[in-house]
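So you can see what is in the structure, the chains are spelled out below.
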Amino acid sequence: MKILGIESSCDETAAAVVEDGRRVLSNVIASQVEEHKIYGGVVPEIASRRHTEAICTVVKKALADANCTLDEIDAVAVTYAPGLIGALLVGVNYAKGLCYSAKKPLVPVHHLRGHIAANYISDENIKPPFMALVVSGGHSHIINVKSYTDFEIIGRTRDDAAGEAMDKAARTVGLPYPGGVNLDKIAKDGDENKYKFPVPKLADSKYDFSFSGLKTFAVNLVHNASQKGETVKAEDLGASFIKAVTDILASHTMAAAKEYGAKKIVLAGGVSANSRLRRIMEEKCTCEGIELYKPELKYCGDNAAMIAAQGYYEYIKGECETEFHDLSLNAVASKPIDE
Ligand code: KG4
Ligand code: ZN
């Protein structure tokens, strides 16, 4: 069964064809990063316009690369939530148009479910149930994945997402957008024990996160140093900041896995590309006898192969329950993964 996936929730216009939720036949991404870099972050209005310009070409290329026609596609899966509303609308309306004209089922996919599904294309053996750490630019969640379509949120961030915090810390030391990946690069030459960041404690939850205090701590470090005529070495601050964030992510995820008796942990989202997070999770999981799954680096960030992969499982579920989405589907800026 071939699913065409379409993704346009942020600053990547993407389309892909995936067979049976696992085999990637094509994966096309048109990134707008260079344009948003000038502004230090994603400008929503520009993002929507660029999606409109790119989407036809990207979808055509995905079909051509997969060596198939629209006729041979079984369903069209599209990210409908969460994300930038204007950006999401481009993908959703394009997908609706395709489904209407080609008489194909339309499968709405939640973006974070897609990030988790990036693991299905990276490793054919991974199957739910498992505990997932989903860390992106807009979300940080620990999720009990009970089946391909049944999710329970165990922990979430109360303020900044992990990726957002990485991006802000990167900006503090003058690194360009996208900050997280640049911070990761320079941190390799830094001393991660140089600065001791506070460990945020939330009295009412074991698994929730709070990263805004770490960001403020980084900003204050840089300001205080400059007032004394000193400079903070970006590599050291980057390494110490990444240590602080990834230690928290790892300890909460391991604790949740233990409490819920999870035998498998899955990493997902843009921040799952972080080299320290991948390394320490590997170490901790080996110690505890838990299997760790990580998406290939090319599937950590936004892409449509992950949307097509999750779309397959949503399609199967819809087919069983004869519940395909009609063309009244709308984009939704904010929506929990478990609804
Ligand atoms: O999942 P994603 O591509 O987009 C959203 O759905 O938000 O995640 C983007 C986030 C950005 O904040 C980016 O800085 C962060 O993932 N990121 C990283 C790394 N690569 C991307 N953060 C830390 N280390 C990385 N290697
Ligand atoms: Zn994403």
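These numbers come from a predicted model, not from an experiment.

1. Concerning helix α2 (residues 44-65)
Compared with the 32 Å implied by 1.5 Å per residue over 22 residues, the 29 Å span of α2 between its first and last C-alpha is a close match. The principal kink in α2, of about 45°, is found at Ala54. Within α2, burial applies to Ile46, Ala47, Ser48, His51, Ala54, Ile55, Val58, Val59, Ala62 and Leu63. Buried residues along α2 sit in contact with β1 (2-7), β2 (12-19), β3 (23-31), α1 (33-37) and α3 (85-102). Asn67 sits one or two residues past α2 and shows a positive phi near 60°.

2. Description of the packing of helix α6 (residues 179-187) against helix α8 (residues 234-259)
Across the interface, α6 lies against α8 with an axial gap of 8 Å and an inter-helix angle of 110°. In terms of orientation, α6 and α8 fall into the roughly perpendicular class. Remark: the crossing between α6 and α8 carries left-handed chirality. Of α8, the residues touching α6 (which contributes Leu183, Asp184, Ile186 and Ala187) are Ala234, Glu235, Gly238, Ala239, Phe241 and Ile242. Partitioning the contact of α6 with α8 into residue classes produces 7 nonpolar, 1 polar and 2 charged.

3. So, the site of ligand 1
Neighbouring ligand 1 are 17 residues; His115, Gly137, Asp167, Asp184 and Gly270 lie closest to it. Within the side chain of His111, one N or O atom sits 3.1 Å away from an oxygen atom of ligand 1. In the model, an oxygen atom of ligand 1 is placed 2.8 Å from a nitrogen or oxygen of the Gly137 main chain. Alone, ligand 1 offers 550 Å² of accessible surface; in the complex the protein occludes 86% of this. Here ligand 1 occupies the largest pocket. Counting residues per element, the ones that place at least two in the shell around ligand 1 are α4 (111-122), α5 (162-172) and α6. Counting residues per element, the shell around ligand 1 draws most heavily on α6, at 3 residues. A class-by-class count of the residues in the shell around ligand 1 yields 3 nonpolar, 11 polar and 3 charged.

Conventions used here
Residues numbered from 1 in each chain as written. Chains lettered and ligands numbered in written order. Predicted model: local features only at pLDDT ≥ 70, side-chain atom pairs only at ≥ 80, totals over all residues. Heavy atoms only, no water. Helix = DSSP H or I, 4+ residues; strand = E, 2+ residues; numbered from the N terminus. Expected span 1.5 Å × (residues − 1). Bend = angle between axes of the 7 residues up to and from the residue. Buried < 20%, exposed > 50% of the residue type's maximum accessible area, 1.4 Å probe, protein only. Contact = heavy atoms within 4.5 Å. Axes fitted to C-alpha atoms, helices over the stretch in contact; angles between N-to-C directions. Parallel < 35°, antiparallel > 145°, perpendicular 65-115°, else oblique. Left-handed = near helix turned anticlockwise from the far one by under 90°. Nonpolar A, V, L, I, M, F, W, Y, C, P; charged D, E, K, R; others polar. Near = heavy atom within 4 Å. Polar contact = N/O pair within 3.5 Å; in protein donor to acceptor, adjacent residues only side chain to side chain. Areas by Shrake-Rupley, 256 points an atom, 1.4 Å probe, with all protein chains shown as cover. 1 Å grid on protein atoms, 1.4 Å probe; cavity = no way out; pocket = protein on both sides within 12 Å on 5 of 7 lines; lining within 4 Å. Sits in = over half its atoms within 2 Å of the grid points.

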